[in-house]
Amino acid sequence: MTQCASRRCGGGCCSDFSSRAEQKPSLLQIDVVENICQQAIRNMTKRAIQRDAGLLSDDDYNEAFSTLVNWIALTFSGENRHYHTDPEWHQGEGLKGLLKERLVMPQADREELFYTAATYFAQDADRLATSLVATGGFKSPDAEGAILALANGWAQLLTGAPTEG
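Residues numbered from 1 in each chain as written. Predicted model: local features only at pLDDT ≥ 70, side-chain atom pairs only at ≥ 80, totals over all residues. Heavy atoms only, no water.

Caption draft 1: View of the layout of surface pockets. Of the voids in this model, the largest pocket is the one considered here, and its volume is about 170 Å³. Together, Ile36, Gln39, Ala40, Asn43, Arg47, Ala64, Thr67, Leu68 and Trp71 line the largest pocket. Those elements that place two or more of their residues in the lining of the largest pocket are helix H1 (30-52) and helix H2 (58-76). Looking at which element gives the most residues to the lining of the largest pocket, the answer is H1, with five residues. Residues that form the lining of the largest pocket fall into these classes: five nonpolar, three polar and one charged. (1 Å grid on protein atoms, 1.4 Å probe; cavity = no way out; pocket = protein on both sides within 12 Å on 5 of 7 lines; lining within 4 Å. Points joined across faces, edges and corners; volume = space filled by probe spheres on them. Helix = DSSP H or I, 4+ residues; strand = E, 2+ residues; numbered from the N terminus. Nonpolar A, V, L, I, M, F, W, Y, C, P; charged D, E, K, R; others polar.)

Caption draft 2: Main features of the pattern of salt bridges. Tallied over the full model, the rule gives three salt bridges. A salt bridge links Arg42 to Glu144; the nearest nitrogen and oxygen atoms lie 2.4 Å apart. One end of the pair, Arg42, is in helix H1; the other, Glu144, is in helix H6 (residues 143-159), and 102 residues separate them in sequence. Relative accessible area serves as the criterion here: at 38%, Glu144 is assigned to the partly exposed category. With a closest N to O distance of 2.5 Å, Arg127 and Asp124 form a salt bridge. (Salt bridge = Lys/Arg side-chain N within 4 Å of Asp/Glu carboxyl O. Buried < 20%, exposed > 50% of the residue type's maximum accessible area, 1.4 Å probe, protein only.)

Caption draft 3: How the structure looks around helix H5 (residues 110-134). Taking 1.5 Å per residue as the helical rise, H5 with its 25 residues ought to reach 36 Å, and the 36 Å between its terminal C-alpha atoms agrees with that figure. Those residues of H5 lying buried are Leu113, Phe114, Thr116, Ala117, Ala118, Phe121, Ala122, Ala125, Leu128, Ala129 and Leu132. Contacts made by the buried residues of H5 are with H1, H2, helix H3 (87-91), helix H4 (94-102) and H6. By the N-cap criterion, in which a side-chain oxygen at the helix start approaches the backbone nitrogen of a residue two or three places on, H5 is capped by Asp109, the distance to Glu111 being 3.3 Å. Positive phi shows up at Gly136, right after H5, with a value of about 110°. (Expected span 1.5 Å × (residues − 1). Contact = heavy atoms within 4.5 Å. Polar contact = N/O pair within 3.5 Å; in protein donor to acceptor, adjacent residues only side chain to side chain.)

Caption draft 4: Representation of the packing of aromatic side chains. For the coordinates displayed, the defined rule picks out two aromatic pairs. On the numbers, 6.1 Å between centres and 80° between planes, the contact of Trp71 with Tyr83 is edge-to-face. With Trp71 in helix H2 and Tyr83 in the loop between H2 and H3, this residue pair connects regions lying twelve residues apart in the sequence. Trp71 gets classed as partly exposed once you look at its relative accessible area, which sits at 34%. Ring centres of Phe121 and Trp154 lie 5.6 Å apart, and the angle between their planes is 85°; this geometry places the pair in the edge-to-face category. (Phe/Tyr/Trp six-rings, centres within 6.5 Å; stacked < 30°, edge-to-face > 60°.)

Structure, rendered in C-alpha cells:
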C-alpha cells in the first residue's frame, strides 16, 4: 500500500473521505426499530408487573401508555431528533401510504395515521404485557419469544420490510 505524499492527511491516504462522525440510529434499519419496539414492550411489561403488585396506579399506567403512544407517533413521523429519518419514508408519502393501506384508512391525514398506528402498537404491547403478568412475567417460558415476535412484526411494518407469510 502506498503512503500519501501529503503531510495534511497525517500519512494516511488522502482519498479516504469516510465519515468517522457519530451517526444517529436510523429508523430505516429494521434492527434499530426492532430494538425500539422490544424496549417499549419490556417497559410496558415492567409497568404491568408494577401495577399488578400495587406499586403503580391505573392512572399512572394509563399515563405511561399515552406517553408511549405520543413518543412512537412523533418518532416514526420523523419528529424525534435523536433518530435519523428518511424524508420520503418518514415525512413524505412512504410510511404514510403504507399505513393508509394497512390500517384501511384511505382518507386519514398524516397525524391521525401515525397516532392510530402508535395506539395499535401500544395496545398490542399492553395485551402482551397483561398476558405475561398472568403467566409469570418475564419468567414465563414464552416471554422472550413473544416479545421478539411482536417487536419484529411492528418493525417490519414501520420499516416497510416484506412480511413473512
